[in-house]
Amino acid sequence: MSSVAPNGKNILEIRKVTKQFGGLVAVDAVEFAVRRGEIFALIGPNGAGKTTLFNCITGIYPPTLGSIVFNGNDISGSRPHKVAQLGIARTFQNIRLFPFMTALDNVKVGQHVRMHAKLWDAMLKTPLERREEARVRDRAYELLRYVGIERFADYYARNLPYGQQRRLEVARALATNPQLLLLDEPAAGFTPQEKVELMKLVEKIVSDGITVFLIEHDMKVVMSISKRICVLDHGEEIALGPPETVRSNQRVIEAYLGSGAGHSGTS
Amino acid sequence: MSTATVSRPRPGPRRGRIKIGRWTINLRDRDTVVYLAIFIGALAFPTVADFVTGGQGGPIVLLAADAGVYVLLALGLNVVVGFAGLLDLGYAAFFAIGAYTYALAASGALFHTPLHHAIHIPFWLLLIVGVVIAASAGALLGAPTLRLRGDYLAIVTLGFGEIVPRVFRNAGDWTGGVNGLSALDNPVLPYWLDGPWAGVGEQFGIVKNLVFSVANPTAWYVLMFILICISVVLLNNLRKSRLGRAWMAIREDETAAQAMGINTVTTKLLAFAMGAATSGFAGCFYGAKLSLVSPENFQFQVSITILVMIVLGGMGSMPGVIVGGLTIYLVLFKILPDAPNQVHSLLATTGFTGIDQPHGDWPGLGEFVSRLKFLLFGLILVGTMLLRPGGLIPSRAEIDVERAAKETAGLEGAAG
């Protein structure tokens, strides 16, 4: 396929991935590649299978068919914590923070995979453990500042305002030190002002060398920040390419506005 | 991102802090104050008990040492239920495993088994062995439950709690069956502690008179005190570590925890193992002190009592669990059993002996109270949970919600 470029250039390759739930085909032989250092967007109407694809990538459930290749390694069917360890972090569509832990602790949990203290180190508070805890704490404050919610460090995640919760989720994902960041509708429920700030944050993350792969409903957000877009409808891939091409694609217009609208638009 | 010095929010005034070497005691921290109060109270307890009862404090001190067993158990179960959020209804099984480990390895019991050879391993060594065996059992019994959540997990652990004592009861060749194992060794201080001076004269020993027997309750009390201190320090270190955070993350949202790279399988197994390890401590002490273990001591009711201690004390809050454990033990094993006698003597001294006499259906007030023991216990539980839904000393999560919500509102107002 022309869409699958050679290795090295692509950080993530989705190769003919299909996910079935019983008789329902949620994702149908989808194939595309995310290039290193770009902002890639996955869009589509409700129920198109976007989050299902995310869940397949992060190992929440294995794909029925096809394979997912990250940095040249086949990760299809890997357990979620392995995927995180390899360098894929994610946020969730319906925010899934650890509500009764402080914002700081949420970010510290994110660093779990990058820590080495063993059970004995923790029990006996060895110098190694103390040094690591200090490092983790400093890094956590740094990340909270990075997303702009340092003043909420001591608050329980559930007590943060909605917008800051979304930011905290991004900080927690960044704490795993990922190469690829999956954002599942990061701007959902945001005011236009918040959306602008979010776009700035995403651009900052990309400029720090992390590839961003996002699902988003807001066309303005998607069209303005993403380099390339993949459009799903009923589990099928209907378009793939830069925003300009996708925007004018007949099937995309039909999927979003209904087939009637597409015809009336052209006639 | 720069790695320059990070400004911590709210440095605030540093009053109320006492510095001792490397440690700082913050008297404004609720948990520290509670720990300190319990610590000092526990140190003073034997002397105070002796003083108050006019030299007859022995039984009370012994009772306190027994209460310590339950405090240890509650601390251990708190790791599983309070930290990791895994509802375990069969925790007494691990207590049994710890106690039977001691009973088999520190008595003549194995002589009567197909092994035909008694083993007498010293108590101090068996503390460690018991912990290791109980922890392994915890991981082993935890393994089949890994895929289960919530109610289903509770039911399976309930099953384990029933199976283990039954196995001990029915494996009569090894465990003495229904009668259990008796005449277990008493702990003896290692030679280097009461030492080469032991024969020379008491005044030279580092630790004088610390003989573990029924006649010397203080020895048991001191031992239990030390065991609890060790457990509290180790478990508290764990709580604040990478592993502790992983436990709480699993409790809060298992899927999100996995996505953050936490291996839920090993993390949950470690929770079961650490919880069981603490009960291994308790089991060894229990076997040594009672010099008897029998399957009757590890029934379902024990598991439930420990769970009640945690919930009443404050789930996930270690000081709360200690206070909860002591409170429930006091109510269940001292106040309620003594209540009928107290009523008898109260009526006798106030002259209302008429109420205490049985006539017709009326059994007399003392007997009546004795029959209502568990109703009273239930009322105490319901009352406490109504008055303090988060437990006696709730974990921070419970108390901070309202306060933080207010602060958040304030911050938003200031920002807007």
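What counts and how
- The numbering scheme is per chain: residues are counted from 1 as the chain's sequence reads.
- Going through the entries in the order they are written, you letter the chains from A and number the ligands from 1.
- With pLDDT at 70 or above as the cut-off, local features in this predicted model cover only qualifying residues; side-chain atom pairs require 80 or more to be listed or tallied, and sums for whole chains, interfaces and linings still use all residues.
- Numbering of helices and strands runs from the N terminus; a helix is a DSSP stretch of H or I covering at least four residues, while a strand is a stretch of E covering at least two.
- The reference for a compact globule is 2.2 Å times residues^0.38; the radius of gyration itself is calculated from the C-alpha atoms.
- Two residues form a contact once the distance between their C-beta atoms, set from the backbone, is within 7 Å.
- Polarity classes work like this: nonpolar for Ala, Val, Leu, Ile, Met, Phe, Trp, Tyr, Cys and Pro, charged for Asp, Glu, Lys and Arg, and polar for all others, with Gly in that last group.
- Partly exposed residues are those whose C-beta has more than 12 but fewer than 20 other C-beta atoms within 10 Å; with 20 or more the residue is buried, with 12 or fewer it is exposed, and the C-beta atoms are placed from the backbone.
- Each axis is a line fitted through C-alpha atoms, taken for helices only over the stretch in contact, and angles between the N-to-C directions span 0 to 180 degrees.
- Between 65 and 115 degrees an angle is taken as roughly perpendicular, under 35 as roughly parallel, over 145 as roughly antiparallel, and anywhere else as oblique.
- Handedness of a helix crossing follows the sense of rotation of the near helix relative to the far helix, less than a right angle counterclockwise being left-handed and clockwise being right-handed.
- Each domain span listed reflects an automatic or database assignment of domains.
- In this scheme, strands are said to pair when DSSP sees at least two bridges between them.
- Scored from 0 to 100, pLDDT records how confident the predictor is in each individual residue.

1. Brief notes about the overall build of chain A
In step 1: Secondary structure summary: chain A contains 11 helices and 10 strands in total.
In step 2: For chain A, whose C-alpha radius of gyration is 20 Å, the value lies close to the compact-globule estimate of 18 Å for 267 residues.
In step 3: Along the longest, intermediate and shortest principal axes, the C-alpha atoms of chain A span 70 × 40 × 35 Å.
In step 4: Counting only contacts in chain A whose residues sit at least 6 apart along the sequence, the fraction spanning at least 24 positions is 66%.

2. What to know about the interface of chain B and chain A
Interfaces are frequently sized by the accessible area removed from exposure as the parts join.
In step 1: Contacts between chain B and chain A engage 31 residues on the former and 40 residues on the latter.
In step 2: Of the residues that constitute the side of chain B that touches chain A, the class distribution is 18 nonpolar, seven polar and six charged.

3. Thoughts on unusual backbone geometry
All names here are of chain A.
In step 1: Phi is positive for Asn-71, close to 55 degrees, though the residue is something other than glycine.
In step 2: Note on placement: Asn-71 falls in the loop between strand S4 (65–70) and strand S5 (73–74).
In step 3: Under the C-beta neighbour-count criterion, Asn-71 is labelled partly exposed, with 17 such atoms within 10 Å.
In step 4: Despite not being glycine, His-234 has its phi angle at roughly 50 degrees, a positive value.

4. Considering the packing of helix H13 (residues 318–350) of chain B against helix H16 (residues 373–387) of chain B
Residue and element names in this part refer to chain B.
In step 1: Orientation of H13 relative to H16, taken along the N-to-C sense of each, is 130 degrees, at an axis distance of 11 Å. Judged by the angle between their axes, H13 and H16 are oblique. The handedness of the crossing between H13 and H16 is right-handed. Where H13 approaches H16, its residues Val-331, Leu-332 and Leu-336 are matched on the opposing element by Lys-373, Leu-376, Phe-377 and Ile-380.
In step 2: Here the residues of the contact of H13 with H16 sort into six nonpolar, no polar and one charged.

5. Some details on the domain arrangement of chain A
Residues and elements named next belong to chain A.
In step 1: The assigned domain composition of chain A is domain 1 (1–87 + 179–267) and domain 2 (98–177).
In step 2: Just the C-alpha atoms count here: the centres of domain 1 and domain 2 sit 28 Å apart.
In step 3: Opposite the eight residues of domain 1 that make contact, domain 2 presents eight residues.

6. A short note on the sheet that holds strand S8 (residues 211–215) of chain A
Residues and elements named next belong to chain A.
In step 1: Spatially, S6-S7-S8-S3-S9-S10 is the arrangement adopted by the six strands of the open sheet, whose pairing is mixed. With partners counted over all chains shown, the strands left at the sheet margins are strand S6 (88–90) and strand S10 (236–241), one partner each. Neighbour-to-neighbour, the strand axes of the sheet open up by a mean angle of 15 degrees, direction not taken into account.
In step 2: Of the pairings in the sheet, the one linking strand S3 (residues 39–43) to strand S9 (residues 228–233) comprises four bridges and is parallel in character. Bridge pairing links Ile-43 to Val-231 in S9.
In step 3: Those strands touched by helix H1 (residues 50–57) are S3, S6, strand S7 (180–184), S8 and S9, and its axis lies near 150 degrees from that of S7.

7. Here's the deal with the sheet that holds S5 of chain A
Residue and element names in this part refer to chain A.
In step 1: One open sheet holds the four strands; their spatial order is S2-S1-S4-S5, and the pairing between them is antiparallel. This sheet does not close on itself; its edge strands, each paired only once, are strand S2 (24–35) and S5.
In step 2: Along the sheet face, H1 touches strand S1 (10–21), S2 and S4 and points at about 65 degrees away from the line of S2.

8. Focus: the confidence of the model for chain A
All names here are of chain A.
In step 1: Summary statistics for chain A give a mean pLDDT of 90 and a share of 94% for residues scoring 70 or more.
In step 2: Residue range residues 1–6 is modelled with pLDDT below 50. Its contacts to residues more than four positions away, or to other chains, number 11 contacts.
In step 3: Per-residue pLDDT stays below 50 along residues 262–267; that stretch engages in five contacts with residues further than four places along the chain or on separate chains.

9. Overview of the confidence of the model for chain B
Residue and element names in this part refer to chain B.
In step 1: Residues of chain B with pLDDT of at least 70 account for 87%, and the chain-wide mean is 84.
In step 2: At the low end of the mean pLDDT range in chain B sits helix H17 (residues 396–415), at 56; at the high end sits helix H9 (residues 242–252), at 95.
In step 3: Contacts from residues 1–13, a stretch scored under 50 in pLDDT, to residues over four places away or in other chains number nine contacts.
In step 4: Confidence metrics for the complex model read pTM 0.87 and ipTM 0.90.

10. Re the pairing of S10 of chain A
All names here are of chain A.
In step 1: Note: S9 against S10, five bridges, orientation antiparallel. From the neighbouring strand, Cys-230 faces S10, where its bridge partner is Leu-240.
In step 2: What sits between S9 and S10 in their antiparallel hairpin is a turn of two residues, with His-234 showing a positive phi close to 50 degrees.

11. Here's the deal with the packing of helix H12 (residues 300–313) of chain B against H13 of chain B
All names here are of chain B.
In step 1: Close contact between H12 and H13 brings their axes to 7 Å; oriented N to C, the two are set at 125 degrees. The angle between the axes of H12 and H13 places the two elements in the oblique class. Like other packed secondary-structure pairs, H12 and H13 cross with a definite hand, here right-handed. On H13, the residues that touch Thr-305, Val-308, Met-309, Ile-310, Leu-312 and Gly-313 of H12 are Gly-320, Val-321, Val-323, Gly-324, Gly-325, Thr-327, Ile-328 and Leu-332.
In step 2: Residues belonging to the contact of H12 with H13 are distributed by class as follows: eight nonpolar, six polar and no charged.

12. So, the pairing of S4 of chain A
Residues and elements named next belong to chain A.
In step 1: Alignment of S1 against S4, held across five bridges, turns out to be antiparallel. Residue pairing in the sheet places Leu-12 in a bridge with Phe-70 of S4.
In step 2: Pairing between S4 and S5: two bridges, direction antiparallel. Its bridge partner lying in S5, Phe-70 is registered against Asn-73.
In step 3: Linking S4 to S5, which pair antiparallel, is a turn of two residues; within it Asn-71 sits at a positive phi near 55 degrees.

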